[in-house]
Amino acid sequence: MGTPQDYLPKTIAHDAINDLLVSINLPKATSIAPAKVTAAYHSIYMVSLPSNEKTSHRELVLRVSGNHLPHIKTANEVGVMTWISKNTTIPIADLVAYDDSNSNPIAHEYTLLARVGGETLSDIYSTLDEGQINGILDQLADILVQLHAHGWREIGGLNLDAEGKVHPAQVVDETFWTVPDLGLWPLGETIASLNISGPYASYTDYVSAQIRQYIRLIQLHDKLAFMRGDIPRLEAFLAAISSQATELNRTKLVLAHKDLHFANVLYDKGTGRITAILDWEFSCVVPFQQWNPRRAFLWNGQDGEGSMTEKKRLWELFTARCKERNIASFLEDAEYTSPLQEAMQRVADFLRAIVEVSPRDQRKELVPSWRATVLENIARFDV
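What you see as residue numbers is a count from 1 along each chain, following the sequence as written. Thresholds applied to this predicted model are a pLDDT of at least 70 for local features of residues and 80 or more for the giving and counting of side-chain atom pairs; totals over whole chains, interfaces and linings are not thresholded and use all residues. Values reported for side chains reflect all heavy atoms of the structure, with hydrogen atoms and water molecules removed beforehand.

Undergrad: It is not clear to me how the overall build of the chain should be interpreted in this structure. Could you clarify?
TA: Numbering of helices and strands runs from the N terminus; a helix is a DSSP stretch of H or I covering at least four residues, while a strand is a stretch of E covering at least two. Along its length, the chain carries 12 helices and 12 strands. Rg of the C-alpha trace for the chain: 22 Å, near the compact-globule value of 21 Å for 383 residues, within the 12% margin. Burial status follows relative accessibility: with a 1.4 Å probe on protein chains alone, a residue under 20% of its type maximum counts as buried, one over 50% as exposed, and anything between as partly exposed. The buried share of the chain, taken over its 383 residues, is 50%. Considering only contacts within the chain whose residues lie at least 6 apart along the sequence, 69% involve residues at least 24 apart. In these tables, accessible area is a Shrake-Rupley quantity obtained with a 1.4 Å probe, and a residue counts as shielded only by the protein chains included in the view. On the chain, roughly 17,600 Å² of surface is accessible, and the fraction owed to carbon and sulfur atoms is 49%. Only four residue types enter the charge count, namely Lys and Arg as positive and Asp and Glu as negative; His and the chain termini do not. In plain terms, the charge of a residue is placed at NZ if it is Lys, CZ if Arg, CG if Asp and CD if Glu. Averaging the locations of the 36 positively and 47 negatively charged side chains of the chain gives two centres separated by 1 Å. Note on method: radius of gyration uses C-alpha positions; expected globular size equals 2.2 Å times residues raised to 0.38. Contacts are assigned to residue pairs that have any heavy atoms within 4.5 Å of one another.

Spelled out as structure tokens, the structure:
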């Protein structure tokens, strides 16, 4: 089915972009240029404006969404960024305008953001000295402390209501099946039918929704037929976590970026300050243990084994500095509160991996060990 980049919008005509600007009461641009960087789910244009009364920002970034997860991804990013801007001092780009539909002159969902100074941290990481790296780690710690300080009552994304107030919404995740994936599934399946929704009231409700969805997909796709014999045990697992929900739900719910690697951080070498955290579209309120689900935090954005070694070094340095500053409690709060809670999450993680790769004929050599891990952790619940 290709990668997300294969399904980005075709080049948007400058006239269409100008029509969009005029439709939201902005003047036509003095210049429009495609960005030199690429993104997985967006085409990006750098837009310059003349002076105007609508916004003080003269340099804007137009992020045009591909047709991957219609409505929900854009709506989630806008909701999250709105909450961040109103409730924290975390540096993000100002949101000038957006549309989570394609009913506009460019015929695509979009966000229009103020351009922020600084360079992408992954691009300049190799030029930084240890003093600069230590400063970045301290700033990231301060950002996480703010982000995780607020407690939530439901697991899911954030949307805006008609009055512009933020409210809990459905989960949005980078592992979701997208429009380009629909060809892998029987006719009639949709983004809504293939993915979980939400919001969910508890950790066990969240995991149960995932497991039920994976059971449905196992029953649906022939390349998952090898898992059908495990369905009775998966159903028994659902009953077990329901009966032990009080213990398993002992966690704090926090808003998490979930993809906080250095390609999503802008940094000003002159001031030594992080100027913006980017790409909030897959952010969600999650159980604290899932704040970094793909282990993206502190990855320097480079490919190769060396980057993984460096990420491990940075994590050790990060945790040490948090302890020195007496702010390490938020890291401790992210630990599993019981072996059963960790086992529950491992069932969800490895079953998701099986359901994700098997219809694509990927990672066949790993699937047997993943299945064994699922069954091993189900067994911890005596089922």
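Undergrad: What is the right way to look at the packing of helix 4 (residues 130–149) against helix 9 (residues 305–324) in this model?
TA: A pair of packed helices is captured by two measures, namely the crossing angle of their axes and the spacing between those axes. Interhelical geometry of helix 4 versus helix 9 gives an angle of 65° and a closest axis separation of 10 Å. As summarised for this structure, helix 4 and helix 9 are arranged roughly perpendicular, according to the angle between their axes. The two elements helix 4 and helix 9 meet at a crossing, and its hand is right-handed. Note on element contacts: helix 9 touches helix 4 through Arg313, Leu314, Leu317, Phe318, Arg321 and Cys322, opposite Glu130, Ile133, Asn134, Leu137, Asp138, Leu140, Ala141 and Leu144. Here the nonpolar group is Ala, Val, Leu, Ile, Met, Phe, Trp, Tyr, Cys and Pro; Asp, Glu, Lys and Arg are the charged ones; every other residue, Gly included, is treated as polar. A class-by-class count of the residues in the contact of helix 4 with helix 9 yields 9 nonpolar, 1 polar and 4 charged. Structural elements are reduced to axes, namely lines fitted to C-alpha atoms, with helices fitted over the stretch in contact, and the angle between N-to-C directions of any two is expressed from 0 to 180 degrees. Here is the rule for angles: anything less than 35 degrees is roughly parallel, anything more than 145 is roughly antiparallel, 65 through 115 is roughly perpendicular, and the remaining ranges are oblique. By definition, turning the near helix anticlockwise from the far helix through less than a right angle yields a left-handed crossing, and turning it clockwise yields a right-handed one.

Undergrad: Quick question: what am I supposed to make of the pairing of strand 9 (residues 253–256) here?
TA: Walk down a regular strand and you will see the side chains alternate between the two sheet faces. Because side chains alternate across strand 9, one face comprises the buried residues Leu253 and Leu255, and the other comprises Val254 and Ala256, equally buried. Judged from the 4 bridges that link them, strand 9 and strand 12 (residues 284–287) form a sheet pairing that is antiparallel. Paired with Leu255 across the strands is Val285, a residue of strand 12. The pairing criterion is simple: DSSP has to find at least two bridges between the two strands.

Undergrad: Honestly, the sheet that holds strand 6 (residues 119–120) in this entry has me stumped. Any pointers?
TA: Picture the strands of a sheet paired through backbone hydrogen bonds; they go either parallel or antiparallel. Taken together, the 3 strands give an open sheet; going across it, the order is 6-10-11, and neighbouring strands pair in antiparallel fashion. Whereas interior strands pair on both sides, the edge strands pair on one side only; in this sheet they are strand 6 and strand 11 (273–277). Packed on one face of the sheet, helix 4 meets strand 10 (265–268) and strand 11 and runs near 45° to strand 11.

Undergrad: Help me out: how do you make sense of the pattern of salt bridges in this one?
TA: Close approach of charged atoms allows side chains of opposite charge to pair. By definition here, a salt bridge exists when the distance from a side-chain nitrogen of Lys or Arg to a carboxyl oxygen of Asp or Glu is within 4 Å. Tallied over the full model, the rule gives 19 salt bridges. Note that Arg313 and Glu130 form a salt bridge whose closest N and O atoms lie 3.2 Å from each other. Taken together, the residues span a long stretch of sequence, with Arg313 in helix 9 and Glu130 in helix 4 at a distance of 183 residues. You can call Arg313 partly exposed: its relative accessible area is 31%.

Undergrad: Could you clarify how one ought to interpret helix 6 (residues 203–220) in this entry?
TA: Because each turn of an α-helix spans 3.6 residues, side chains separated by three or four positions end up pointing in the same direction. Here helix 6 spans 26 Å end to end across 18 residues, near enough to the 26 Å set by a 1.5 Å rise per residue. Counting buried positions over the 18 residues of helix 6 gives 13, a clear majority of the element. Expected span, for any helix, means 1.5 Å times one less than how many residues it has.

Undergrad: It is not clear to me how the environment of Val347 should be interpreted in this structure. Could you clarify?
TA: Positionally, Val347 belongs in helix 11 (residues 339–357). Since its relative accessible area comes to 0%, Val347 is described here as buried. When residues no more than four places from it in sequence are discounted, the contact partners of Val347 are Ile211, Phe237, Val374, Asn377 and Ile378.

Undergrad: Please explain helix 11 as it appears in this structure.
TA: Its 19 residues give helix 11 an end-to-end C-alpha distance of 27 Å, which sits within 8% of 27 Å, the value for a rise of 1.5 Å per residue. Residues of helix 11 that are buried: Leu340, Gln341, Ala343, Met344, Gln345, Val347, Ala348, Leu351, Ala353, Ile354, Val355 and Val357. Considering only its buried residues, helix 11 is in contact with helix 6, helix 7 (231–243), helix 8 (245–248) and helix 12 (367–379).

Undergrad: What is the right way to look at the sheet that holds strand 2 (residues 42–48) in this model?
TA: On the basis of which strands lie adjacent, the open sheet formed by 5 strands has the order 1-2-3-5-4 and antiparallel pairing. A single partner strand is all that each edge strand has here, and the edge strands are strand 1 (31–34) and strand 4 (95–99). Strand-to-strand twist across the sheet, computed as the mean angle between neighbouring axes with direction ignored, equals 20°. With 4 bridges connecting them, strand 4 and strand 5 (residues 110–114) associate as antiparallel partners. Pairing of Ala97 across the sheet is with Leu112, part of strand 5. Across the sheet, helix 2 (residues 72–87) is in contact with strand 2, strand 3 (59–65), strand 4 and strand 5; its angle to strand 5 comes to roughly 30°.

Undergrad: Would you mind going over the packing of aromatic side chains with me for this structure?
TA: For any pair of aromatic rings, geometry is given as the distance between the ring centres together with the angle between the planes. Classification of ring pairs rests on two measures: the distance between centres of Phe, Tyr or Trp rings, Trp counted by its six-membered ring, which must be within 6.5 Å, and the angle between planes, read as stacked under 30 degrees, edge-to-face over 60 and tilted in between. Counted according to the given criterion, the structure contains 11 aromatic pairs. Where Tyr125 meets Phe262, the ring centres are 5.6 Å apart and the plane angle is 45°; that geometry is what we call tilted. Remark: Phe262 occurs in the loop between strand 9 and strand 10 and Tyr125 occurs in the loop between helix 3 (121–124) and helix 4; sequence separation between them is 137 residues. The pair formed by Tyr125 and Phe262 is uniform in burial state, with each residue classed as buried. By the ring-pair criterion, three or more aromatic residues cluster together here, those being Trp291, Phe297, Trp315, Phe318 and Phe330.

Undergrad: Would you explain the nonpolar core in this entry?
TA: When a protein is soluble and globular, its nonpolar side chains tend to lie buried together. Membership of the largest hydrophobic core comes to 61 residues, with the highest contact counts inside it found for Ile84, Leu140, Leu255, Ile277, Trp280 and Phe318. When residues in this core are grouped by element, the largest group, 8 residues, is from helix 4. Sequence-distant contacts of Leu255, defined by excluding residues within four places in its chain, comprise Val80, Trp83, Ile84, Leu147, His148, Trp152, Leu158, Cys284 and Val285. Counting 34 residues, the second largest nonpolar core, distinct from the first, contains Ala240, Met344, Val374 and Phe381. By nonpolar core we mean a set of buried residues, namely Ala, Val, Leu, Ile, Met, Phe, Trp, Tyr and Cys, connected to one another through side-chain atoms within 4.5 Å.

Undergrad: Would you take a moment to explain unusual backbone geometry for this structure?
TA: Glycine aside, residues mostly have negative phi angles, and peptide bonds mostly take the trans form. The omega torsion of the bond from Gly198 to Pro199 falls at 5°, within 30 degrees of zero and hence cis. Here Pro199 shows up in the loop between helix 5 (191–194) and helix 6. The phi torsion at Asn25 lies on the positive side, around 65°, for a residue other than glycine. Mapped onto the fold, Asn25 is located in the loop between helix 1 (14–23) and strand 1. Judged by its relative accessible area of 62%, Asn25 falls in the exposed class. The phi torsion at Asn326 lies on the positive side, around 60°, for a residue other than glycine. Relative to the helices and strands, Asn326 resides in the loop between helix 9 and helix 10 (329–332). Overall, Asn326 belongs to the exposed group, its relative accessible area being 69%.

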